[in-house]
Amino acid sequence: MAGLAGWHATCPACSYESAALTPAINAHTGPEVNEAEREAGLKALRLENFKTIVHYAKKHARPQARRLLDVGSAHGWFLETARADFDVLGVEPDAVVGSRAAARGLPVRSGYFPDVLAEGERFDVIVFNDVIEHIPDIRSALAACRERLDEGGILILNLPNSRGFFYRLSKLIARLGWRAPFERLWQKDLPSPHVHYFNARNLCQLVAGQGFELAEAAELPALRARGLLERLRCAGNVPPLSLYAQYVAIMAAIPVLRMFPSDIIVGVFRKKAAG
């Protein structure tokens, strides 16, 4: 079903949303992401959320579980958070970002999952932090996760929520003619745009069809006041008037956000036994 733009579509049956946007990692010619601004805008929020995700991994993985794979490990912040409890490995397709993390001594392989893994290399936990929504062939990625997880292994998906307050607000504003917030949340014109938007229900349906069962579903905070302006800046070439209008509106909304669904969901899935 047609969506809010020529590149956007919504499934009328399950509310899954997709985008005909093309990733261009390592070959992007559009506006560049300022990595210093990105770190200032995202790191504090991500680190707090990553602590929670490590807690989920420890809670649901088998007691002897040690091997954890972070797909799309970016700057290595999650690897740094998880390595006290797991033997970690990161995979990062962005050569520049991945090399910077590796230069800090983090175990990061440059390339795409699962291509850069050795034959027979398996894990107890596989985590996608704000990554799965960027992967066009999501079913193949989930099938690779099932193949690479040991029996009883855990898959953790941390991703945007199509029922989140800000996402639904952006759709309302887009219908009124202002598409900038909606396009920003899809990361349109950036090297790795979103190509999927899920809610907890349709995400569970998809993952269950690939040989997993839901162990836990939760929400995480989607923003903090600290670093908010930098976070908006790092999402593309946003005109200053639009940027500050978004900033003021979001800051005013922060006190009441707990009354509404968060824009970040987490699904913890266990690999079903074979047979």
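None of the values given here were measured: they were computed from a predicted structure. (Residues numbered from 1 in each chain as written. Predicted model: local features only at pLDDT ≥ 70, side-chain atom pairs only at ≥ 80, totals over all residues. Heavy atoms only, no water.)

Quick look at the packing of aromatic side chains
Item 1. Evaluated as defined, the whole model comprises 12 aromatic pairs.
Item 2. Taken together, a centroid distance of 6.0 Å and an interplanar angle of 85 degrees make the contact between Phe113 and Phe128 edge-to-face. Of this pair, Phe113 sits in the loop between β5 (108–110) and β6 (123–129) while Phe128 sits in strand β6, and the two are 15 residues apart along the sequence.
Item 3. Classification of Phe113 as buried rests on a relative accessible area of 14%.
Item 4. Judged by centre distance (4.9 Å) and plane angle (65 degrees), the rings of Trp186 and Tyr197 are edge-to-face. Taken together, the residues span a long stretch of sequence, with Trp186 in the loop between α6 (180–185) and β8 (196–197) and Tyr197 in strand β8 at a distance of 11 residues. The exposure classification of Trp186 matches that of Tyr197, with both residues buried.
Item 5. Counting every residue linked through ring pairs, the aromatic cluster contains Trp7, Tyr167, Phe182, Trp186 and Tyr197. (Phe/Tyr/Trp six-rings, centres within 6.5 Å; stacked < 30°, edge-to-face > 60°. Helix = DSSP H or I, 4+ residues; strand = E, 2+ residues; numbered from the N terminus. Buried < 20%, exposed > 50% of the residue type's maximum accessible area, 1.4 Å probe, protein only.)

Looking at unusual backbone geometry
Leaving glycine out, the prevailing phi sign among residues is negative, and the prevailing peptide bond configuration is trans.
Item 1. In this structure, the amide linkage connecting Phe113 to the following residue, Pro114, adopts the cis form with an omega of 0 degrees.
Item 2. Inspection of the secondary structure puts Pro114 in the loop between β5 and β6.
Item 3. With a phi close to 55 degrees, Gln187 is a non-glycine residue in the positive phi region.
Item 4. Topologically, Gln187 is positioned in the loop between α6 and β8.
Item 5. Relative accessible area serves as the criterion here: at 23%, Gln187 is assigned to the partly exposed category.

Focus on a nonpolar patch on the surface
Item 1. A cluster of nonpolar residues, Leu169, Leu172 and Leu176, forms a patch on the protein surface that exposes about 300 Å² of accessible area.
Item 2. Note that Leu172 resides in helix α5 (residues 165–175).
Item 3. We classify Leu172 as partly exposed; its relative accessible area is 46%. (Patch = residues over 30% accessible without salt bridge, like charges linked within 9 Å, V, L, I, M, F, W, Y side chains within 5 Å. Areas by Shrake-Rupley, 256 points an atom, 1.4 Å probe, with all protein chains shown as cover. Salt bridge = Lys/Arg side-chain N within 4 Å of Asp/Glu carboxyl O.)

Overview of the sheet that holds β5
Item 1. Taken together, seven strands build an open sheet; the order of strands is β5-β4-β3-β6-β7-β10-β9 and the sheet is mixed. What marks the edges here is a single partner per strand, and that holds for β5 and β9 (212–220). When the angles between neighbouring strand axes are averaged without regard to direction, this sheet yields 20 degrees.
Item 2. By the bridge criterion, three bridges tie strand β4 (residues 87–92) to β5 in an arrangement that is parallel. Along β5, the bridge assignment pairs Glu92 with Ser110.
Item 3. Along the sheet, helix α4 (residues 138–148) makes contact with β6, β7 (149–160), β9 and β10 (264–271), crossing β7 at roughly 145 degrees.
Item 4. Taken strand by strand, helix α7 (residues 200–208) contacts β7, β9 and β10, and its axis lies near 25 degrees from that of β10. (Pairing = 2+ DSSP bridges. Axes fitted to C-alpha atoms, helices over the stretch in contact; angles between N-to-C directions. Contact = heavy atoms within 4.5 Å.)

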